[in-house]
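Chain by chain, the residues:
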Amino acid sequence: GVQIPDITSYGDLRNWGRVLPFRFIAAAKVVPQLEQHLERWMFKCLEGSAKLPGKTILLADVSSSMQASLSRKSDLTRDSAMKALAMLLREVCEDVHIIPFARGCVVDIPPRRGFALADLLHRHGGPDGTDIGGAVTYANRLGYDRLILLTDEQSHTRVPEPLKGTLAYCVNVAVEKHGVGYGSWLHIDGFSESIVDYIQRYEL
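Here is a short report on the structure shown in this document. (Residues numbered from 1 in each chain as written. Predicted model: local features only at pLDDT ≥ 70, side-chain atom pairs only at ≥ 80, totals over all residues. Heavy atoms only, no water.)

Right, let's get into the side chain of Arg146. Relative to the helices and strands, Arg146 is located in strand E3 (residues 146-151). The exposure class assigned to Arg146 is buried, which follows from its relative accessible area of 2%. Here Pro53 takes part through its backbone oxygen, which lies 3.0 Å from a polar atom of the side chain of Arg146. Setting aside chain neighbours within four positions, we find Arg146 in contact with Leu52, Pro53, Lys55, Thr56, Ile57, Leu167, Tyr169 and Glu203. (Helix = DSSP H or I, 4+ residues; strand = E, 2+ residues; numbered from the N terminus. Buried < 20%, exposed > 50% of the residue type's maximum accessible area, 1.4 Å probe, protein only. Polar contact = N/O pair within 3.5 Å; in protein donor to acceptor, adjacent residues only side chain to side chain. Contact = heavy atoms within 4.5 Å.)

Moving on to the sheet that holds E3. Strand order across the open sheet formed by five strands is E2-E1-E3-E4-E5, with parallel pairing between neighbours. The two strands at the open ends of the sheet, each matched to only one other strand, are strand E2 (93-101) and strand E5 (186-189). Put simply, the sheet's adjacent strands are angled 20° from each other on average, direction ignored. Taken together, the five bridges between strand E1 (residues 52-61) and E3 define a ladder with parallel strand orientation. (Pairing = 2+ DSSP bridges. Axes fitted to C-alpha atoms, helices over the stretch in contact; angles between N-to-C directions.)

Contact geometry of helix H1 (residues 4-13) with helix H3 (residues 35-46) gives a least axis separation of 10 Å together with a crossing angle of 10°. When the axis of H1 is compared with that of H3, the two are roughly parallel. The residues of H3 that touch H1, namely those facing Ile7, Thr8, Gly11 and Asp12, are His37, Arg40, Trp41 and Lys44. A per-class count over the contact of H1 with H3 returns two nonpolar, three polar and three charged. (Parallel < 35°, antiparallel > 145°, perpendicular 65-115°, else oblique. Nonpolar A, V, L, I, M, F, W, Y, C, P; charged D, E, K, R; others polar.)

The following block contains the structure:
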């Protein structure tokens, strides 16, 4: 029974601290009529975040396996975790190119942010199968200072090495038993609210 103006007034005055995007995604599902305000508060949380310098390519796995839950007890899907991290990285990277991929499908998308970015990634959701090898090969052709792969690692293709002299992170939001991102990759298993903080501190 709380009126919308009362909620938005409280939200505008609140000291949000650091609330990560997936919390706002979950809230928008419950109260979609507040989405524009939730997005505004989300950006407020991210103001002043330390920037990751240079060119970052973010490979976002949008294959069908990403629709699975993170765990038996979680109502958060791998896809939602990926989108939340993509929304956050979009704000903290100095120059970022977000590329969704699935099976034989690598797409360059416009530089959206916030919920518009999540919607865009949703629209590019792909078929069964995950061609991580093709996505990394495409990214290697473009060149980058930093490559971040958000996936559940269910790849049907061999994953090549990242470019020499660059930073490369493979974030497995599903913690599958057999991963594909090793060798020169810095491998991060599982979804955590602190993944981006970890990357920032790793690069200090």
